[in-house]
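Each chain, letter by letter, is given below.
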Amino acid sequence: MDTLKLSIVAPNGQIFSDEVKSVTLPGKEGEFGVLPGHASLVSSLTVGVIIIEKADSTEAVAINWGHVKVSESSVDCLVDGAVALTAGKDSEIAKNIEAAKDLVNSVKDANVSLAAVEAKINSFA
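Quick caveat, the model's predicted, so the values are computed rather than measured.

**Q** Any chance you could explain the UniProt feature "domain: ATP synthase F1 complex delta/epsilon subunit N-terminal" (unreviewed entry) in the protein here in plain terms?
**A** The residues that UniProt annotates with the feature "domain: ATP synthase F1 complex delta/epsilon subunit N-terminal" (unreviewed entry) are residues 4-82. Helix makes up 0% of residues 4-82 and strand 70%, and the two end C-alpha atoms of the span are 20 Å apart.

As structure tokens, this is what we get:
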């Protein structure tokens, strides 16, 4: 088994669903990576960027908060708000990066550095 099934769902629908090599998640206790065969766990997610490593590309989704359920073969994220940073045409990506910044700055009680999250978002510009 060399891939995981990653699913990211927000109230307005599915943001991402595909097989991935690995995913890095903004956990409440800090970022953590998940590879195929990971021990099962449930964790809260905080404001940040989900980094998705696919076989031939890297994708990213900014989130405000949510929860993740990890098993050996799948990662299911339920998030309150999400913006894909890497999908679509360049003009859409620029618009999404602004939307992602608005999303992360709407989080008031985050104990993470919003500047660090914004810098990560900008890295996809």
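Following the structure, the description resumes.
**Q** Please clarify how the environment of Ile 63 should be interpreted in this entry.
**A** Position of Ile 63 among the secondary structure elements: in strand E7 (residues 58-63). As for Ile 63 and Val 79, which are separated by 16 residues in sequence, their C-alpha atoms are 6.8 Å apart. In this structure Ile 63 touches Pro 26, Leu 45, Thr 46, Val 47, Gly 48, Ile 50, Val 79, Gly 81, Ala 82, Leu 103 and Val 104, once residues within four positions along its chain are discounted.

**Q** Just checking my understanding: could you explain the nonpolar core for this structure?
**A** Among soluble globular proteins, nonpolar side chains are generally buried collectively. Among the nonpolar cores identified, the biggest contains 21 residues, and Leu 6, Ile 8, Leu 25, Ile 50, Ile 52, Val 75 and Cys 77 are the most heavily contacted of them. The set of elements that each furnish at least two residues to this core consists of strand E1 (4-10), strand E2 (13-20), strand E3 (22-27), strand E4 (30-34), strand E6 (48-53), E7, strand E8 (66-70) and strand E9 (74-79). Looking at this core element by element, the count peaks at four residues for E1. In this view, Leu 6 contacts Phe 16, Ser 17, Asp 18, Val 20, Val 23, Ile 52, Val 75 and Cys 77; residues no more than four positions away in its chain are not counted. If you look at the next biggest cluster of nonpolar residues, it comprises 15 residues, including Val 47, Ile 51, Ala 100 and Ile 121.

The rules behind these values
- Residues numbered from 1 in each chain as written.
- Predicted model: local features only at pLDDT ≥ 70, side-chain atom pairs only at ≥ 80, totals over all residues.
- Heavy atoms only, no water.
- UniProt positions renumbered as here; feature names shortened; annotations may be inferred.
- Helix = DSSP H or I, 4+ residues; strand = E, 2+ residues; numbered from the N terminus.
- Contact = heavy atoms within 4.5 Å.
- Core = buried A, V, L, I, M, F, W, Y, C linked by side-chain atoms within 4.5 Å.
- Buried < 20%, exposed > 50% of the residue type's maximum accessible area, 1.4 Å probe, protein only.

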